[in-house]
Amino acid sequence: MTGTFVNVATIIIGSVIGSIIKKGIKEEYKDCLFTAMGLAATGLGINAVVQNMPKSNYPVLFIVALALGSLIGTMIDLDKRFNNVVNRFSNKGRLAEGLSTGILLFCIGTLSILGPINSALYGDHTYLFTNATLDLVTSCVLASAYGIGIAIAAVVLLIWQGSIYLLTMLLGNFMSASMMTELSIVGGFLIASSGISILGIKKIKTLNMLPCLVIPIVFCAIMTLI
């Protein structure tokens, strides 16, 4: 898991650097950073959807996943629970928003998913080292807008990539190309929704939509068994 540990370290380092920069930034510039992060997240999300939609073998799956996953997440109210936990340690109301965006950007991407698989199967950390470089910059920008709390996303990344690594060690390459495609489409919508929320276009509780990511995984796993 060398690549994952490096990836985690870069997020922490980027968060520290960003939080130091934040102290010297005027309020108007902070607003500018919020807008930039909103646009970036929206663009990355749309790009993921556009790139993967033509490859989908189940064109309606993402609709079912978004609807069913959002319903489950809203019933559990993940957004409220997450905000309550974050607010215990921080009185900065936007940290939860920044964390949810960071977690999606760090975890839901081809490099972050394929990286641990390649690492477990072949001992190849190239994808994870590349992802670490990107996450260093992203965490720095996020922390300059939301503060040092963005470093918490590193723990989530460790659990996420660590789980994929261990599953690959136990089950082999369990994540098929089809599963990756469907997961990327749904993940793209979630990243875009996070960006839309940051921009203030519409307040979307993206955290309540996280169960949407489970639906494509379960569906594709079942399809491989049929």
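The sections below set out a description of the structure shown in this document. (Residues numbered from 1 in each chain as written. Predicted model: local features only at pLDDT ≥ 70, side-chain atom pairs only at ≥ 80, totals over all residues. Heavy atoms only, no water.)

**Quick notes on the overall build of the protein**
Now for step 1: Counting its secondary structure elements, the protein contains ten helices and zero strands.
Now for step 2: Start at the N end of the protein and walk to the C end: the helices and strands fall as α-α-α-α-α-α-α-α-α-α.
Now for step 3: In summary, the protein has a C-alpha radius of gyration of 17 Å against a globular reference of 17 Å for 226 residues, a match within 12%.
Now for step 4: Dimensions along the principal axes, computed over C-alpha positions, put the protein at roughly 55 × 40 × 30 Å.
Now for step 5: When burial is assessed residue by residue, the protein has 49% of its 226 residues classed as buried.
Now for step 6: Contacts spanning at least 24 positions in sequence make up 83% of the contacts within the protein whose residues lie at least 6 apart.
Now for step 7: Only carbon and sulfur atoms are counted for the fraction: they give 70% of the accessible area of the protein, which is about 11200 Å².
Now for step 8: Of the side-chain charges in the protein, 13 are positive and 9 negative, and the distance between the mean point of each set is 8 Å. (Helix = DSSP H or I, 4+ residues; strand = E, 2+ residues; numbered from the N terminus. Rg over C-alpha atoms; globule rule 2.2 N^0.38 Å. Buried < 20%, exposed > 50% of the residue type's maximum accessible area, 1.4 Å probe, protein only. Contact = heavy atoms within 4.5 Å. Areas by Shrake-Rupley, 256 points an atom, 1.4 Å probe, with all protein chains shown as cover. Lys, Arg positive; Asp, Glu negative; His and termini not counted. Charge placed at Lys NZ, Arg CZ, Asp CG, Glu CD.)

**Description of the nonpolar core**
Now for step 1: Leu66, Phe106, Tyr146, Met175, Val186 and Leu190 are the most contacted members of the largest nonpolar core, which totals 46 residues.
Now for step 2: Beyond its immediate sequence surroundings of up to four residues, Met175 is in contact with Ile113, Ile117, Met180 and Leu183. (Core = buried A, V, L, I, M, F, W, Y, C linked by side-chain atoms within 4.5 Å.)

**Concerning helix 1 (residues 2-22)**
Since the α-helix turns once every 3.6 residues, residues separated by three or four places project in the same direction.
Now for step 1: Here helix 1 contains 21 residues, and its C-alpha end-to-end distance of 30 Å stays within 8% of the 30 Å for a straight helix at 1.5 Å per residue.
Now for step 2: Along helix 1, the positions that sit buried rather than exposed are Gly3, Thr4, Asn7, Val8, Thr10, Ile11, Gly14, Ser15, Gly18, Ser19 and Lys22. In an axial view of helix 1, the angular spread of the buried residues amounts to 160 degrees, which keeps them on one side of the axis. More than 90 degrees from the buried face of helix 1, the exposed residues found are Phe5 and Ile20. (Expected span 1.5 Å × (residues − 1). Arc of directions from axis to C-beta.)

**Considering the packing of aromatic side chains**
Now for step 1: Inspection of the entire model under this criterion finds two aromatic pairs.
Now for step 2: Ring geometry for Tyr58 against Phe219: centres 4.9 Å apart, planes inclined by 80 degrees, an arrangement best described as edge-to-face. With Tyr58 in the loop between helix 2 (27-52) and helix 3 (61-76) and Phe219 in helix 10 (residues 214-225), this residue pair connects regions lying 161 residues apart in the sequence.
Now for step 3: Between the aromatic rings of Phe62 and Phe189, the centroid separation amounts to 5.3 Å while the plane-to-plane angle is 5 degrees, which identifies the pairing as stacked. (Phe/Tyr/Trp six-rings, centres within 6.5 Å; stacked < 30°, edge-to-face > 60°.)

**Examining helix 6 (residues 110-122)**
Now for step 1: For helix 6, with 13 residues, the first-to-last C-alpha span of 17 Å sits near the 18 Å given by 1.5 Å per residue.
Now for step 2: Taken together, the buried positions of helix 6 are occupied by Ser112, Ile113, Gly115, Pro116, Ile117, Asn118, Ser119 and Ala120.
Now for step 3: Turning to helix 6, the residues buried within the fold contact helix 5 (95-107), helix 7 (126-146), helix 8 (153-171) and helix 9 (177-198).
Now for step 4: A positive backbone phi angle near 70 degrees is found at Gly123, which sits one or two residues after helix 6.

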